Amino acid sequence: MNKDPFCGSTAALLFTAFLAAAAGAQGLGGSSISADPSGALQTINANGRTHTNGAFFQSLGTNGRSCSTCHVADQAMSMSPPQIQERFAQTRGRDPLFAAFDGANCPNGNTSDAAAHSLLLSHGLIRIPLTMPAGAQFKVIVVHDPYGCALVTDPATGVQTLSTYRRPLPTTNLGFLSTIMFDGRESPAGATTALGTVATFPANLNNDLTKQAADATLIHAQAAAAPTGQQLADIVSFEMGLTTAQVYDRNAGDLHAGGALGGARNLLEEKPDYYPGINDVLGADPLGIPFDSSSMTLYAAWENGGNPEDYERGAFYRREARSDIAAGEVLFNTAPLTISAVRGLNDNAALGNPVSFQGTCTSCHDTPNVGNHSFPLPLDIGTAHTPSAGLETDPNIQRAIAELNEPDLPIFWVKGCSTPFSAGQPVSFYTTDLGKGMITGLCSDVNRIKGPILRGLAGRAPYFHNGAAATLLQAVNFYNQRFSMNLTEEQKRQLVAFLNSL
């Protein structure tokens, strides 16, 4: 729709009234509302009112950081560049967020030098130092090292450490996880959530989150010792109590009006029904329930604009906005895309190793009304491939990456593997993130990265593990090119409207 929802409109007045009413209820029942670029975000703490004296908010290390340094409530429990830039300007880089160890492009970065923190300031990226796995099937060679610490060898031990740069995943909606971290490194083999049964899932998830909290404190907060058992239990309890979702849209209004199911309270009601493998696209649902591609059903009541009697007086233009969101949801469930050259799918024996096959967005985002993959199936869709000329051979990936706002990341040449799409054929390729391959050392895992939970997207731009999509439109344009979706401009707009409503 072309209507300006801000200047002198009924929508602006209603949005102001909505935020004012919400502000009066902040903390009541553990619910909070914060404005974001698309409207308003809601977070519910099932444990009650949030108290900032808990371990999540305490500095448990040596550099002044707490969990809340990188996981901010009004940024969907992640963080975004505008707020990061504001923190840098206000503190001249002295905020604990900018600790040189991983808040700078390299650990020798000058605290007050913005250029030393360019990846964090522009794309919200934290440096993740990962040691090369022992016995790795592949060899890594640096071909582009813009900051001087892409691959560093310890002169005493010979151990190599590779610098990877990623967005902080949200510490909310964790009850819907199937694996922890983009590369799954906090869900170790034998304890990963998805290897357990439905009955053991809560205990497995608790164990994995406890390990993640301990490791984050030791690494990112540079603690001299791990947190106590009580501190870890407090962190995990706080995180598990949080549910976050978009609750208000500047064009469509309340996202739970007229029979719609947006907002964190409705999402909270989905939690008891979730288990790893629910609605699995590969047919491995533990309860034997077949895959349903229509896994998003939040806005079915708004198809064709919904019931006009549900609209506030003077806000009938919302009918069009709500129709757009509902149409975007239908596209998410049904718009055909051609899946090819995706590690994790096209080399998957359960699918018969197809060269290509038809799917929809929900082929990968299959968890009902949540949007992550319900099994820990990391995929290489091309987001870690490099836009540098001559280093990418797949034309679909070339066109897709060209739609993005790629950060200037180190580029690695991976050698010694065979292509998973043609058994026995040697292949060398270029990447900015080896994904799960840096954890397992397996060629089959290189470049494979998990997709995050989609709820609360509007509050935590930019998108993808490397922040390469500055907006949701860029993300949609990437998928449109990568998987030959042939979307019209109207369909792109509708998909963006739907994604912003999550």
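In what follows, the accompanying structure is described.

Criteria and cut-off values
Residues numbered from 1 in each chain as written. Predicted model: local features only at pLDDT ≥ 70, side-chain atom pairs only at ≥ 80, totals over all residues. Heavy atoms only, no water. Helix = DSSP H or I, 4+ residues; strand = E, 2+ residues; numbered from the N terminus. Buried < 20%, exposed > 50% of the residue type's maximum accessible area, 1.4 Å probe, protein only. Salt bridge = Lys/Arg side-chain N within 4 Å of Asp/Glu carboxyl O. Disulfide = S-S within 2.5 Å. Pairing = 2+ DSSP bridges. Axes fitted to C-alpha atoms, helices over the stretch in contact; angles between N-to-C directions. Left-handed = near helix turned anticlockwise from the far one by under 90°. Contact = heavy atoms within 4.5 Å. Nonpolar A, V, L, I, M, F, W, Y, C, P; charged D, E, K, R; others polar. 1 Å grid on protein atoms, 1.4 Å probe; cavity = no way out; pocket = protein on both sides within 12 Å on 5 of 7 lines; lining within 4 Å. Points joined across faces, edges and corners; volume = space filled by probe spheres on them.

When helices and strands are tallied, the protein shows twelve helices and twelve strands. Within the protein, the fraction of its 502 residues that count as buried is 55%.

What follows concerns the pattern of salt bridges. For the structure shown, the criterion picks out twelve salt bridges. Asp 380 is paired through a salt bridge with Arg 343; the nearest N and O atoms lie 3.8 Å apart. Taken together, the residues Asp 380 in the loop between strand E10 (356–359) and helix H9 (395–401) and Arg 343 in the loop between strand E9 (337–340) and E10 connect sequence positions 37 residues apart. Asp 380 gets classed as buried once you look at its relative accessible area, which sits at 4%. Among the charged side chains, a salt-bridge network with shared partners connects Arg 166, Asp 183, Arg 185 and Asp 433.

The final tally for this structure, using the stated rule, is two disulfides. Two residues share a disulfide in this structure: Cys 106 and Cys 149, whose sulfurs sit 2.0 Å from each other. One disulfide, between Cys 106 and Cys 149, carries an S-S torsion of -90 degrees and so falls in the left-handed class. A residue pair is termed long-range when its members are at least 10 positions apart, and Cys 106 in the loop between helix H3 (100–103) and helix H4 (118–123) and Cys 149 in the loop between strand E4 (139–144) and strand E5 (151–153) qualify at 43 residues. By the burial criterion, Cys 106 is buried, and Cys 149 matches it.

Time to look at the sheet that holds strand E7 (residues 242–249). Spatial ordering of the open sheet is given by E1-E2-E7-E8, a layout of four strands whose pairing is antiparallel. Looking at which strands have only one partner, the edges of the open sheet turn out to be strand E1 (31–36) and strand E8 (253–254). Judged from the six bridges that link them, E1 and strand E2 (residues 39–45) form a sheet pairing that is antiparallel. Bridge pairing links Ile 33 to Gln 42 in E2.

At a closest axis distance of 9 Å, the pairing of helix H5 (residues 201–219) and helix H6 (residues 229–240) adopts a crossing angle of 115 degrees. Where H5 crosses over H6, the two elements pack in a sense that is right-handed. Note on element contacts: H6 touches H5 through Leu 232, Ile 235, Val 236, Glu 239 and Met 240, opposite Leu 205, Asn 206, Leu 209, Thr 210, Gln 212, Ala 213 and Ala 214. Broken down by class, the residue content of the contact of H5 with H6 amounts to eight nonpolar, three polar and one charged.

Moving on, we come to the layout of surface pockets. By volume, the largest pocket is sized at about 840 Å³. The wall of the largest pocket is formed by 45 residues, among which His 71, Met 181, Gln 212, Ala 216 and His 220 lie closest to the centre. With seven residues, the single largest contributor to the lining of the largest pocket is H5. Of the residues that constitute the lining of the largest pocket, the class distribution is 24 nonpolar, ten polar and eleven charged.

Here we have three strands laid out as an open sheet, ordered E4-E11-E12, and antiparallel in their pairing. Whereas interior strands pair on both sides, the edge strands pair on one side only; in this sheet they are E4 and strand E12 (426–431). Taking the axes of each pair of neighbouring strands and ignoring which way they run, one obtains an average angle of 25 degrees across the sheet. Across five bridges, E4 lies against strand E11 (residues 411–418) in antiparallel orientation. Bridge pairing in E11 links His 144 to Ile 411.

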